Each structure stands twice: as C-alpha cells, then as structure tokens.
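The lines below spell out each chain.
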Amino acid sequence: MSDTGTAATTAAGSTSGGRRELTYALLLCLAGAGLASWAATRTWAVEVLARGALPAARQDRSGADLLPWLPALALVALAGGGAVLATRGRVRRSLGGLVALLGLAVAAGAGYGLTAGLGVEVHPQWPALCLLGGLVAAGGGLLTARRGGRWPAMGARYERPARTGGPARSDGRPIADRGTREAWDALDRGEDPTVS
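For every chain, the first residue of its written sequence is number 1, and the numbers climb from 1 along that sequence. Totals for whole chains, interfaces and linings use all residues, but because this is a predicted model, local features are given only for residues with pLDDT of at least 70 and pairs of side-chain atoms are given and counted only at 80 or more. Excluding hydrogens and water, the side-chain values take into account all heavy atoms of the structure.

### Side note on the packing of helix 3 (residues 69-83) against helix 4 (residues 89-115)
Axis geometry follows a simple rule: fit a line to the C-alpha atoms, using only the stretch in contact for helices, then measure angles between N-to-C directions, giving values from 0 to 180 degrees. For helices the rule is a DSSP run of H or I covering at least 4 residues; for strands it is a run of E covering at least 2, with both sets numbered from the N terminus onward. It is at 9 Å that the axes of helix 3 and helix 4 come closest, and there the two elements cross at 155°. Here helix 3 lies roughly antiparallel to helix 4, going by the angle between them. Crossing handedness for the pair helix 3 and helix 4: left-handed. Touching W69, L70, L73, A74, V76, A77, G80, G81 and A83 of helix 3 are L95, V99, L102, A105, V106, G109 and A110, all from helix 4. Residue classes in the contact of helix 3 with helix 4 are distributed as 13 nonpolar, three polar and no charged. What sets the label is the angle itself: under 35 degrees gives roughly parallel, over 145 gives roughly antiparallel, 65 to 115 gives roughly perpendicular, and the rest give oblique. Each crossing is labelled by how the near helix is turned from the far one, with a counterclockwise turn of less than a right angle marking it left-handed and a clockwise turn marking it right-handed. Contacts are assigned to residue pairs that have any heavy atoms within 4.5 Å of one another. The residue classification treats Ala, Val, Leu, Ile, Met, Phe, Trp, Tyr, Cys and Pro as nonpolar and Asp, Glu, Lys and Arg as charged. All others, Gly included, are polar.

What follows is the structure, encoded as structure tokens:
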C-alpha cells in the first residue's frame, strides 16, 4: 500500500516539476525572443551625412536597418518558443535545439552591433538588450532541448479522439454521430432538420 502511494506521489511530483520546467522554458523563449525582436527595431546608431553647402542630414539606423536578418531570426525564435507547447518528445527537444541556435545567432548579431562603430552617435543600450534577449531565448531553447522530452504534452482534448470498438453502422461510422450526420444530410437535400 505504501509503495503504491509513494509511486503515485513521485509521479505527481515529476508531472508538476515537468510543468514548472515547461513554464520556465516557455517564458524564457518568449520573453527573450520578444525582447530581442523589440530591441532590434530601436535606433542603434545615428549617421550624419554631409551634403556639401547644405546642413548635414541625420539618419537614424535601427538594428533591422543594419542587420536585416536580425528581427526575422528573433521572430522565428518567438514562434518556435510558442510551438514548444504543441510538440512532445523528440520533436520538442529538436525544436528546443533550433530555438537555442536562433537565440545564439541573434545574440551574435547584437554583439556585432554593440562592438562595431556603426555611426556618429551610438545607442548601445538597444544592441545590449537584443544581446540579452538572444541569450535568454537560447537558454530557454537549451532547457527545452535537454529536458523537454520528459515534459507533459497538451491535454487529450486537443487531440483527435480515437475510434472505439463500440457499435457502428454498416458503413463503419459510429452510431453516436448518427443524428448529427442525418441533420447535415437533410440540410444538403434542402430540408429543415428542425421541423418534425
């Protein structure tokens, strides 16, 4: 009796621990990729363009202007973080590895933007936030890649119901959907199925 109770307690503990880890990984992926995506659209540098006798023109350059692939990778990492919920097992772990790689690529691009002299006025806080977001997303992806195979999957209510061995008609359809099917057939014939 006590062995059964201990096993049930251990299973419940691992399920709640798995859910907690899934929540942490999901939050890390989404927050990091979202922060990187937002920071990539801020002004990273201001270029001053000389125009001869005219006053110099100032041109704001965002991270997306300087590195056009950066916000795209951040958005793909954001979508991958959301897809962690809908997957399970090996697919979830592979997706975690992909999100980790995307986060590292975003961090590398932001690191380049942080170290390169991109203009006369440089605003280093935005590339730094993008770098931080990429690293946070990579951490969430790494957590998913390492431990995601043991996390719980979405509930059965989101999956297609399995066929039961219950009674069926001669065409193989279960008897349970007979009324609904007949109502649709009546509508197809142009009849009102609500009139008796």
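### A closer look at the environment of P193
Looking at where P193 falls in the secondary structure, it is placed in the segment after helix 6 (178-188). Taking C-alpha positions, P193 is 9.9 Å from T180, a pair spaced 13 residues apart along the chain.

### Topic: the pairing of strand 2 (residues 54-62)
As paired elements, strand 1 (residues 43-51) and strand 2 share seven bridges and run antiparallel to each other. Paired with A45 across the bridge in strand 2 is R61. Two strands make a pair as long as DSSP finds a minimum of two bridges between them. Remark: two residues form the turn of the hairpin made by strand 1 and strand 2, two consecutive strands paired antiparallel; G52 in that turn has positive phi of roughly 70°.

### Section: the side chain of T144
Considering the arrangement of structural elements, one finds T144 in helix 5 (residues 125-147). Every residue in contact with T144, bar those within four places of it in the chain, is listed here: A25, V84, R92, R93, G96 and W151.

### Here's the deal with the sheet that holds strand 2
On the basis of which strands lie adjacent, the open sheet formed by three strands has the order 2-1-3 and antiparallel pairing. Pairing within the sheet leaves two strands with one partner each, and these edge strands are strand 2 and strand 3 (121-122). Bridge count for strand 1 against strand 3 is two bridges, and the pairing is antiparallel. Of the residues in strand 3, the one forming a bridge with A45 is V122.

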